[in-house]
Amino acid sequence: MAQGSDSNDTSYKSPSPGSRPSSSDDVKKVMRREKNRIAAQKSRMRQTQKADNLHLESENLQKENAALKKEVKQLTEEAKYLSSVLSSHEPLCTGLAPQTPELLYPPHHSSYHHQHITVPHYQH
């Protein structure tokens, strides 16, 4: 049964206009119903507030997502541009020319292997 619906509740009898509850049970019922009505109203307000907050958060996340997609697109375009600049520059650049093994690894001299390196000793 839905909250606040009294049409199917046979145990509740609304007092006739102008009459007062005749017993403490009737007073308790009225107080309980009023308290329940207020609680239900607060619950509906909280639910509405939560839905509003979720809606705002959704809108903000959609905006952030759109901005991030735009940034990804710009960075992708920049990466393509820089890659093409690098590709066109590579044939002209002497610093990137293929290196021979002699340039990478200097030839070994026998005197090089016999050098002694002195390491200072520190006292503790």
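Presented here is an overview of the structure given in this document. Since we're looking at a predicted model, the values are computed, not measured.

A few points about the overall build of the chain
Alright, step 1. Tallying secondary structure elements over the chain gives three helices and zero strands in all.
Alright, step 2. The N-to-C order of helical and strand elements in the chain reads α-α-α.
Alright, step 3. When burial is assessed residue by residue, the chain has 2% of its 124 residues classed as buried.
Alright, step 4. With an accessible surface of roughly 12400 Å², the chain has 57% of that area assigned to carbon and sulfur atoms.

Points about the pattern of salt bridges
Alright, step 1. Scanning all chains against the criterion turns up one salt bridge.
Alright, step 2. Between R37 and E34 there is a salt bridge whose closest N-O contact spans 2.5 Å. Taken together, the positions of R37 and E34, both in helix α1 (residues 24-89) and three residues apart, correspond to about one turn of that helix.
Alright, step 3. A relative accessible area of 43% means that R37 is categorised as partly exposed.

Things to note about a nonpolar patch on the surface
Alright, step 1. On the surface, a cluster of nonpolar side chains totalling about 290 Å² of accessible area is made up of Y81, L82 and V85.
Alright, step 2. Within the fold, V85 resides in helix α1.

About the thresholds
Residues numbered from 1 in each chain as written. Predicted model: local features only at pLDDT ≥ 70, side-chain atom pairs only at ≥ 80, totals over all residues. Heavy atoms only, no water. Helix = DSSP H or I, 4+ residues; strand = E, 2+ residues; numbered from the N terminus. Buried < 20%, exposed > 50% of the residue type's maximum accessible area, 1.4 Å probe, protein only. Areas by Shrake-Rupley, 256 points an atom, 1.4 Å probe, with all protein chains shown as cover. Salt bridge = Lys/Arg side-chain N within 4 Å of Asp/Glu carboxyl O. Patch = residues over 30% accessible without salt bridge, like charges linked within 9 Å, V, L, I, M, F, W, Y side chains within 5 Å.

Just distances and angles here, no functional claims.
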